[in-house]
Amino acid sequence: MSYFLPADEAVLTAGRGLALTHPGIALSVEPLYLLARRPAPERRVALVAGGGAGHEPLHAGLLGPGGLDAVVPGAVFTSPGSAQIAAASLAAADLGGRGEVLHIVKNYTGDRINFALAAEQIRAAGIEVAEVVVDDDLATDGTAAGRRGTGATVVVEKLLGALADRGAGLDALAELGGRIALASRSLAVCARAHTSPVLKSPAFHLRPDELDYGVGIHGERAAHTVTGPHGVELLVARMTGELLADVPAGPHGVIAVVSNLGSTSDLEIRIVSALVHQQLRARGIAVHALAAGTYVTALDMAGFSITLTALEPGWAELWDAPTDTPLRLPGAAAARACEVTPPAPAPVTGGFPGRAATDPAGPGGGFLGELHRICALTHTDLTELDQASGDGDFGDNFCGGVAAAVRLVERSGVPGANALAETFRDRVGGSSGPLFGILFTALATTADRAPADLPAIAAALRQALLRITALGGAVPGDRTLVDALAPAADTLELTPTADPGRTVTAAARAAIEGAGATAALTARRGRASYTGDRSRGLPDPGAVAVALVLTALARTHEPALAGELPALRAITRGDTR
């Protein structure tokens, strides 16, 4: 986020940090620019780029052998001045005794004007200078100022850096840069604007169901805001299709660059890159390189950009050429992901004695079906509860595990309760996986048995409780799932057998009340213990999940009485009155 910028000299301080980290980079304070001190000996032309700060690691990430010779940063989202650019260009030319300079300029009015003025000063000093303009932003095609320069700048700088290291002259570099820019297009979307460094708030506001489609890297609003469901698969397919319609890929394939705009997680960027690769391969397009990461940002904007460059002969080799720059770009991509088959695991034994369920209910019925329906209605609540006491992943882990068990039943015909046990035991991570794996393994042979075998259910809950407390060390009062499981186990064992028709419902109510009581407790186990009293007032998500499991059992075996239990929202909020 852009909360941690100093009151003044932010760009200078950042430049000093880069020079400290990378000794091959020198810093000029006045005027401000960065210089690569170790140019390739064959290089005859100095490559100079720059623009407003806020797009890091562009441009300084490509400063050094195999990349740029000098970078001129302006203030955030503001072009550098012509005097800065001229000084940086002359220093870069002087460093290697070179008499030619190539400017790489993104197509923004301020950048174009200041680089043009600097070029006049450089020529007056007897240095030849040429310019490559990067104008790849498809969203601004047809506007009066022309397409903006965005993500393709990375491709232009990388390919020109490799060719310059081979000793190419100014005309050859300028001609190649123009062809690369012409063969490149980019599109960017965002779900949240960047944080204004001055206001410390988003520069513009989007609703949760909105995306700005075609944003700029200076935080400019897109011409179009799209609403409704935004599945990433459909979004990537639309973006990729529009890019290819404007720059069709030829027989030599493409370079694809997927860039985080600032605060999009690496997990999401990797997903987008895989989907881009999938879209390209489905169209029969070879992907020479797939770069996915943080390359061209808009401070901390939550979004991503896709850049496609249609390759010509020889360009792939330039991309693969080695560099010694702060930003390292990946080389050739794999044609497909290498997937291995793990060795067959040893059979897992577990569960508890007892006959197999007489009703191996499928995913739409029985215990698993009830729990799946409950999860569909409580997933968000479980996530919110865990955000108050942990890292917010519990809803995804628990409800995702239940959904995975449903898929396992549909795919292989494994009985529902057994599918829950196998899924949580073998495939769900975190603490919820093994702990609920113990519970579902215990219930596997009893959860769907009709009529209900109450002693077997009671024994299963007790055995699960003993194993969970032995494994995790929690006891009642620690604000964990044990606070709901223990009273449920006690109730099943103590309820008079004279009234067996309401035993499971009574156990579910005990679990619900136990989960609700955790709202007044301070966590002494698990990640919630790190947050102290911050989570007080809301029930523990693990205890709530146990209450939901018992509710599903009650609905399975005592459907008429289960209606007496509190509503699901009351359970997740700890309101058991």
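Residues numbered from 1 in each chain as written. Predicted model: local features only at pLDDT ≥ 70, side-chain atom pairs only at ≥ 80, totals over all residues. Heavy atoms only, no water.

**Re the overall build of the chain**
- Within the chain one finds 18 helices and 12 strands.
- Considered along the principal axes of its C-alpha atoms, the chain spans approximately 105 × 50 × 40 Å.
- When the 577 residues of the chain are sorted by exposure, 54% land in the buried category.
- Put simply, of all contacts in the chain between residues at least 6 apart along the chain, 72% involve residues at least 24 apart.
- Approximately 24100 Å² of the chain is accessible, and the part contributed by carbon and sulfur atoms is 56%. (Helix = DSSP H or I, 4+ residues; strand = E, 2+ residues; numbered from the N terminus. Buried < 20%, exposed > 50% of the residue type's maximum accessible area, 1.4 Å probe, protein only. Contact = heavy atoms within 4.5 Å. Areas by Shrake-Rupley, 256 points an atom, 1.4 Å probe, with all protein chains shown as cover.)

**Focus on the packing of aromatic side chains**
- The tally for this structure, following the rule as stated, stands at eight aromatic pairs.
- Their ring planes at 55 degrees and their centres at 5.8 Å tell us that Phe398 and Phe424 sit as a pair that is tilted. Of this pair, Phe398 sits in helix H10 (residues 394-412) while Phe424 sits in helix H11 (residues 416-426); the two residues are 26 residues apart in sequence, bridging distant segments of the chain.
- Classification of Phe424 by relative accessible area gives buried; the value is 0%.
- Connected via pairs of aromatic rings, a cluster forms that spans Phe367, Phe394, Phe398, Phe424, Phe436 and Phe440.
- Above the face of the Tyr213 ring, Arg238 is positioned so that its terminal group lies 3.9 Å from the ring centre. (Phe/Tyr/Trp six-rings, centres within 6.5 Å; stacked < 30°, edge-to-face > 60°. Lys NZ or Arg CZ within 6 Å of the ring centre and 35° of its normal.)

**Considerations on the pairing of strand E2 (residues 33-36)**
- Judged by which residues are buried, E2 turns out to be covered on both faces: Tyr33 and Leu35 on one side and Leu34 and Ala36 on the other are all buried.
- In the sheet, strand E1 (residues 25-28) pairs with E2 via four bridges, with the strands oriented antiparallel. In the sheet register, Ile25 faces E2, and the bridge partner there is Ala36.
- The loop that links E1 with its antiparallel partner E2 comprises four residues. (Pairing = 2+ DSSP bridges.)

**A few points about the pattern of salt bridges**
- Under the criterion given, the structure shown has 29 salt bridges.
- As a salt-bridge pair, Asp426 and Arg425 come within 3.5 Å of each other at their nearest N and O atoms.
- Of the residues examined, Asp426 reaches a relative accessible area of 44% and is grouped as partly exposed.
- The class of Arg425 is partly exposed, set by a relative accessible area of 34%. (Salt bridge = Lys/Arg side-chain N within 4 Å of Asp/Glu carboxyl O.)

**Some details on the side chain of Asp111**
- Relative to the helices and strands, Asp111 resides in helix H3 (residues 109-124).
- Sequence-distant contacts of Asp111, that is, excluding residues within four places in its chain, are made with Gly50, Gly51, Ser79, Val105 and Lys106.

**Here's the deal with the confidence of the model for the chain**
- Summarising the model, the chain shows a mean pLDDT of 90, and 92% of its residues fall at 70 or more.
- Low pLDDT, under 50, characterises residues 348-360; the predicted model gives this stretch 21 contacts beyond four residues in sequence or across chains. (pLDDT = per-residue confidence, 0-100.)

**Structural notes on the layout of surface pockets**
- Its boundaries defined by the atoms lining it, the largest pocket holds a volume of some 580 Å³.
- Along the walls of the largest pocket sit 30 residues, with Ala14, Ala53, Gly54, Glu56 and Leu299 positioned nearest its centre.
- Taken together, the elements giving at least two residues each to the lining of the largest pocket come down to helix H1 (10-21), strand E3 (45-53) and strand E4 (70-76).
- Top contributing element to the lining of the largest pocket by residue count: H1, with five residues.
- In terms of residue class, the lining of the largest pocket is made up of 18 nonpolar, 10 polar and two charged. (1 Å grid on protein atoms, 1.4 Å probe; cavity = no way out; pocket = protein on both sides within 12 Å on 5 of 7 lines; lining within 4 Å. Points joined across faces, edges and corners; volume = space filled by probe spheres on them. Nonpolar A, V, L, I, M, F, W, Y, C, P; charged D, E, K, R; others polar.)

**Observations concerning the packing of H10 against helix H12 (residues 432-443)**
- One way to put it is that H10 packs onto H12 with a least axis distance of 11 Å and a crossing angle of 35 degrees. The handedness of the crossing between H10 and H12 comes out as right-handed. Taken together, the residues of H12 that come into contact with H10 (itself represented by Phe394, Asn397 and Phe398) are Ser432, Phe436 and Phe440.
- For the contact of H10 with H12, the residue count by class is four nonpolar, two polar and no charged. (Axes fitted to C-alpha atoms, helices over the stretch in contact; angles between N-to-C directions. Left-handed = near helix turned anticlockwise from the far one by under 90°.)

**Notes on the sheet that holds strand E9 (residues 224-227)**
- If you walk across this open sheet you meet the six strands as E9-E8-E7-E12-E10-E11, and the pairing is mixed. In this open sheet, the two edge strands, each paired with only one partner strand, are E9 and strand E11 (287-293). Direction aside, the axes of adjacent strands within the sheet are offset by 15 degrees on average.
- Two strands pair when backbone bridges link them, and strand E7 (residues 184-192) and strand E12 (residues 302-310) are joined in this way by eight bridges, in the antiparallel orientation. Pairing of Arg185 across the sheet is with Leu308, part of E12.

**Topic: empty space enclosed by the protein**
- Per the stated rule, a full pass over the model turns up one cavity of 30 Å³ or more.
- Reported here for the largest cavity is a volume of approximately 30 Å³.
- In terms of lining, the largest cavity is formed by Asp137, Thr150, Gly151, Ser186, Leu187, Ala188, Val215, Ile217 and Ser305.
- When residues in the lining of the largest cavity are grouped by element, the largest group, three residues, is from E7.

**Focus: helix H14 (residues 482-494)**
- Helix length check: H14 (13 residues) gives 18 Å between terminal C-alpha atoms against 18 Å at 1.5 Å per residue, within 8%.
- Among all positions in H14, only Val482, Asp483, Ala484, Leu485, Ala486, Ala488, Ala489, Thr491 and Leu492 are buried.
- Tucked into the core, H14 has its buried residues touching H12, helix H13 (454-472), helix H15 (503-517) and helix H16 (541-557). (Expected span 1.5 Å × (residues − 1).)

**Observations regarding unusual backbone geometry**
- Backbone torsion omega between Glu30 and Pro31 reads 0 degrees, so that peptide bond is classified as cis.
- The residue Pro31 is located in the loop between E1 and E2 in this model.
- In this model, Glu56 is joined to Pro57 through a cis peptide bond whose omega is 15 degrees.
- Phi at Glu9 is positive, roughly 55 degrees, even though this residue is not glycine.
- Checked against the element boundaries, Glu9 lands in the segment before H1.
- On the basis of relative accessibility, which here comes to 52%, the residue Glu9 falls in the exposed class.
- A positive phi angle is found at Phe77, which is not glycine, with a value near 60 degrees.

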